[in-house]
Structure formats: structure tokens, C-alpha cells
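What follows is each chain in one-letter form.
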Amino acid sequence: QVQLVESGGGLVQAGGSLRLSCVASGSITKLWAMGWYRQTPGKQRELVAGISREGRTNYLDSVKGRFTISRDNAKNTVYLEMNSLKLEDTAVYYCHGVQAQLEYWGQGTQVTVSS
């Protein structure tokens, strides 16, 4: 079993920045893809940013140029740097990881952007 624990969420004004972190622990052999999803009430969870073990990244169109995903394989940690935050970025953000074709999720961290 792999546990993912997020941190770094909170309340921020529009235009501000936040940095989310997600640390993986437990029976880690080799985490492959990691990423961040977000979800708002009544909507499906959507992929915000993903990163492969080799560092290839992909982003939701609406966050390109504002968000940056990175990972530290030695620390089993993935980060999401969020800049120029907008009201519509308000959501619960979930860390996601894949190992041995199994998917793992964190418990979620709330990001609230205020005007």
C-alpha cells in the first residue's frame, strides 16, 4: 500500500500563489506517473497536471503558464506551484500516483481563491 499526503492548500487572494506538496510513503517500489487533480461540487474530478517519472509533464489548458508541476523521486514527493490564481481555481486538489498499475489518491487539500 502507498499513502499520499498533501499539504499547502489554503485561502489566497486572486492573483496570489500557493505551493502544494504531496509526499508518498508506505510500500514504495517505483512510483510512475504522479499528478494533481481537482474537483468542485457537482463536477467530475479533472486532471490539472501530470508528470512522468522521467519528468515529462502535461497540463490542463486553463492552467498552462500559471501552474508548474515537479517531482523529487528521491523524496517521493510531487509539487504543484500555482501562480496567478483565479477564482475558478477554487477546488479540492488531490494528489494521484500510479505504482505497479495501481492507482493511489491523497485525501485532498482545499484551495480557495477569493476576490
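Our subject is the structure that appears above.
Going along each chain's sequence as written, the residues are numbered from 1 onward. Predicted model: local features are reported for residues with pLDDT of at least 70 only, side-chain atom pairs are reported and counted for 80 or more only, and whole-chain, interface and lining totals are derived from all residues. Processing note: side-chain calculations cover all non-hydrogen atoms of the structure and skip hydrogens and water entirely.

### Some details on the nonpolar core
Worth spelling out the cut-off: Note on terminology: a nonpolar core comprises buried Ala, Val, Leu, Ile, Met, Phe, Trp, Tyr and Cys residues joined through side-chain atoms within 4.5 Å. Think of it in three bands: with a 1.4 Å probe and only protein chains considered, a residue is buried below 20% of the maximum accessible area for its type, exposed above 50%, and partly exposed in between. The numbering of helices and of strands both runs from the N terminus, where a helix is a DSSP run of H or I of at least 4 residues and a strand a run of E of at least 2. By definition, residues are in contact when any of their heavy atoms lie within 4.5 Å.
Counting 26 residues, the largest nonpolar core has Leu4, Trp36, Phe67, Val78, Leu80, Met82 and Tyr93 as the members making the most contacts within it. Listed by contribution, the elements that provide at least two residues to this core are strand E1 (2-7), strand E3 (18-26), strand E4 (34-39), strand E5 (46-51), strand E7 (67-72), strand E8 (77-82), strand E9 (91-99) and strand E11 (109-114). It is E3 that provides the largest number of residues to this core, a total of four residues. Setting aside chain neighbours within four positions, we find Leu4 in contact with Cys22, Val23, Ala24, Met34, Cys95, His96, Gly97, Tyr104, Trp105, Gly106 and Gln107.

### Thoughts on the side chain of Arg71
Applied cut-off: Here the positive residues are Lys and Arg and the negative ones are Asp and Glu; neither His nor the chain ends is included. We count a salt bridge whenever a side-chain nitrogen from Lys or Arg sits within 4 Å of a carboxyl oxygen from Asp or Glu. Pairs of N or O atoms are called polar contacts if they sit within 3.5 Å, as long as, within protein, a hydrogen donor faces a hydrogen acceptor (for residues adjacent in sequence, only side-chain-to-side-chain pairs).
Here Arg71 is to be found in strand E7. Buried charge Arg71 goes without a salt bridge, the closest partner of opposite sign being Glu54 at 7.0 Å. Within the local environment of Arg71, its side chain forms a polar contact with the backbone oxygen of Ser52, the two atoms lying 3.2 Å apart. Within the local environment of Arg71, its side chain forms a polar contact with the side chain of Asn73, the two groups lying 2.7 Å apart.

### Considering the environment of Met34
By the element assignment, Met34 lies in strand E4. Not counting residues up to four positions away in its chain, the partners in contact with Met34 are Leu4, Gly50, Ile51, Ile69, Arg71, Val78, Cys95, His96 and Gly97.

### Brief notes about the sheet that holds E7
Quick note on the threshold: Strands are treated as partners if at least two bridges between them are detected by DSSP. Here the axes come from fitting lines to C-alpha atoms, over the contacting stretch only for helices, and the angles between their N-to-C directions go from 0 to 180 degrees.
Taken together, four strands build an open sheet; the order of strands is E1-E3-E8-E7 and the sheet is antiparallel. Lying at the two open borders of the sheet, with one neighbouring strand each, are E1 and E7. The average angle at which neighbouring strand axes cross in this sheet is 15 degrees, direction not considered. Pairing analysis gives six bridges linking E7 to E8, with the strands arranged antiparallel. By the bridge assignment, Ser70 is partnered in E8 with Tyr79.

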